[in-house]
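Summary of structural features
Here is what each chain is made of, one letter per residue.
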Amino acid sequence: VPDLPHAEVTLAEVLHNAGYFCAHIGKWHLGGFDHYPETMGFDVNIGGTGWGAPNTFWWPYRGAKTFHEYRYIPHLEWGRPGEYLTDRLTAEALKVIERVKDRPFFLYLCWHAVHTPIEGKPELTRKYERLTSPRLRHKNPAYAAMVETLDANVGRILDKLDELGLRDNTIVIFTSDNGGFINKNRGRAVTSNFPLRSGKGSLYEGGVRVPLIVRAPASARAGSVCAQPVNSCDFYPTLIDLIGLPRKRDANAADGRSFASLLKRPRSRRPPRPLFWHYPHYYPTTTPVSAVRLGPWKLLHYYEDDRVELYNLAEDLGEAKNLAETLPRRAAELRLLLDRRLSEVRAQMPRPNPRWTRPAQTPAKPRP
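First, a word on what this report is: a plain description of the structure on this page. (Residues numbered from 1 in each chain as written. Predicted model: local features only at pLDDT ≥ 70, side-chain atom pairs only at ≥ 80, totals over all residues. Heavy atoms only, no water.)

Attention shifts here to the nonpolar core. Ile 25, Leu 76, Leu 85, Leu 89, Val 96, Phe 105 and Leu 109 are the most contacted members of the largest nonpolar core, which has 30 residues in total. Residue assignment for this core shows that the elements contributing at least two residues are strand 1 (21-26), helix 2 (85-100), strand 3 (105-110) and helix 4 (141-163). Element by element, the count of residues in this core is highest for helix 2, at 7 residues. In this view, Ile 25 contacts Ile 46, Leu 89, Glu 92, Ala 93, Val 96, Leu 107, Tyr 108, Leu 109 and Cys 110; residues no more than four positions away in its chain are not counted. Leu 11, Val 14, Tyr 236 and Leu 239 belong to the second-largest nonpolar core, a separate cluster that totals 13 residues. (Core = buried A, V, L, I, M, F, W, Y, C linked by side-chain atoms within 4.5 Å. Buried < 20%, exposed > 50% of the residue type's maximum accessible area, 1.4 Å probe, protein only. Helix = DSSP H or I, 4+ residues; strand = E, 2+ residues; numbered from the N terminus. Contact = heavy atoms within 4.5 Å.)

Here the focus is the packing of aromatic side chains. Tallied over the full model, the rule gives 10 aromatic pairs. Considering the side-chain rings of Phe 57 and Tyr 84, the 5.8 Å spacing of their centres and the 25 degrees angle between planes classify their relative orientation as stacked. Of the two residues, Phe 57 is situated in the loop between strand 2 (44-46) and helix 2 and Tyr 84 in the loop between strand 2 and helix 2; the sequence distance between them amounts to 27 residues. A single burial state applies to Phe 57 and to Tyr 84, both of which are buried. Ring geometry for Phe 106 against Tyr 108: centres 6.3 Å apart, planes inclined by 20 degrees, an arrangement best described as stacked. The class of Tyr 108 is partly exposed, set by a relative accessible area of 35%. An aromatic cluster is present here, built from Trp 28, Phe 42, Phe 106 and Tyr 108 joined pairwise through their rings. It is Arg 71 that lies over the ring of Phe 67; its NZ or CZ is 3.7 Å from the centre. (Phe/Tyr/Trp six-rings, centres within 6.5 Å; stacked < 30°, edge-to-face > 60°. Lys NZ or Arg CZ within 6 Å of the ring centre and 35° of its normal.)

Tracing the chain through its elements places Asn 55 in the loop between strand 2 and helix 2. Given the relative accessible area of 4%, Asn 55 is considered buried. Within the local environment of Asn 55, its side chain forms a polar contact with the backbone nitrogen of Lys 65, the two atoms lying 3.0 Å apart. Look past the residues within four positions of Asn 55 in its chain and what remains in contact with it is Arg 62, Gly 63, Ala 64, Lys 65, Thr 66, Phe 67, Arg 71 and Pro 117. (Polar contact = N/O pair within 3.5 Å; in protein donor to acceptor, adjacent residues only side chain to side chain.)

The next point concerns the pattern of salt bridges. With the rule as written, the count across this model stands at 21 salt bridges. For Glu 98, the salt bridge is made with Lys 160, and the minimal N-O distance between the two is 2.7 Å. Residue Glu 98 is found in helix 2, and its partner Lys 160 is found in helix 4; the two are separated by 62 residues along the sequence. In this structure, Asp 305 and Arg 307 form a salt bridge, with 2.9 Å as the shortest nitrogen-oxygen distance. Since its relative accessible area comes to 46%, Asp 305 is described here as partly exposed. (Salt bridge = Lys/Arg side-chain N within 4 Å of Asp/Glu carboxyl O.)

Spatially, the 3 strands line up as an open sheet ordered 2-1-3, and their pairing is parallel. Two strands in the sheet have a free side with no partner beyond their single neighbour: strand 2 and strand 3. Direction aside, neighbouring strands of the sheet carry axes that sit 10 degrees apart on average. Bridging between strand 1 and strand 3 involves 6 bridges; their strand directions are parallel. Bridge pairing in strand 3 places Ile 25 opposite Leu 109. Across the sheet, helix 2 touches strand 1, strand 2 and strand 3, and the angle it forms with strand 1 is around 170 degrees. (Pairing = 2+ DSSP bridges. Axes fitted to C-alpha atoms, helices over the stretch in contact; angles between N-to-C directions.)

What follows is the structure in structure tokens.
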């Protein structure tokens, strides 16, 4: 994965300079050792490496069984057989919270779960094996077991904040980096994002619409739901606003928009603003593509064949009905908006491979 440039100002650097103790625990996957969390404003790094997934979720979390290379997770020594990675990362996080409870702190806890390799705890996997049915869309008991373990560990963090009396002055954000992985792992389909289309890697809703739960002081009552779409770029200005730091005119603030006011008034309405995605790569769920959403309208532009797809998410959340031909003016407006944004940020664009030829299609066999 490309290195996160040191020229970029991270949230950890801003908070560190404001007197916060900054700890990273778990998955990093933002570059080589000279771009590890310690170089990006974090005082502590437990488990962060350049790899995006562990060899295994079982201690000692190392080996070459899952991937083509030997992988390990540093700073998780002195474990024991049967120890599970999600539990261990939480234990390390609880130690950090205990040590810094009397000062401002920023804890960036990135559990690898739920991620390949799909390895659930045996007792929980057996529980979901008993619940699996051909009628269900979710049929991977090990994946379900991993989700339950993750949920339990989120609870451990919240319980610790309550135990230490930190609930009323601590902001908690729970989110994900992408939609569920819909391909196979170890010969078995991992999950389904129904009613959303596709999954991880794609720019359909199954790939980019993710969970987001925020608990913050002076926010709306528990269980409140906000329908306004936001983007992970919005976390930076939102957190700066919530903790009362002065907002600087930097690139991070320019890319995002604070949703602090929505936490207090989740039903308030805002004028729609465009959200952009750019993925000039190949993945099992997609070819190179960019997308823009404005209000309920969403447009995708695929680069291989210059194809445009237009959807109304308010009426078609599953993105099943392409309206690009029936609403050409709307499609053209969104395409112009998307192209302008990509040009403004000098987005890396895919280039045709002159040596590539389309594989010959195998003739269909006649039915007996």
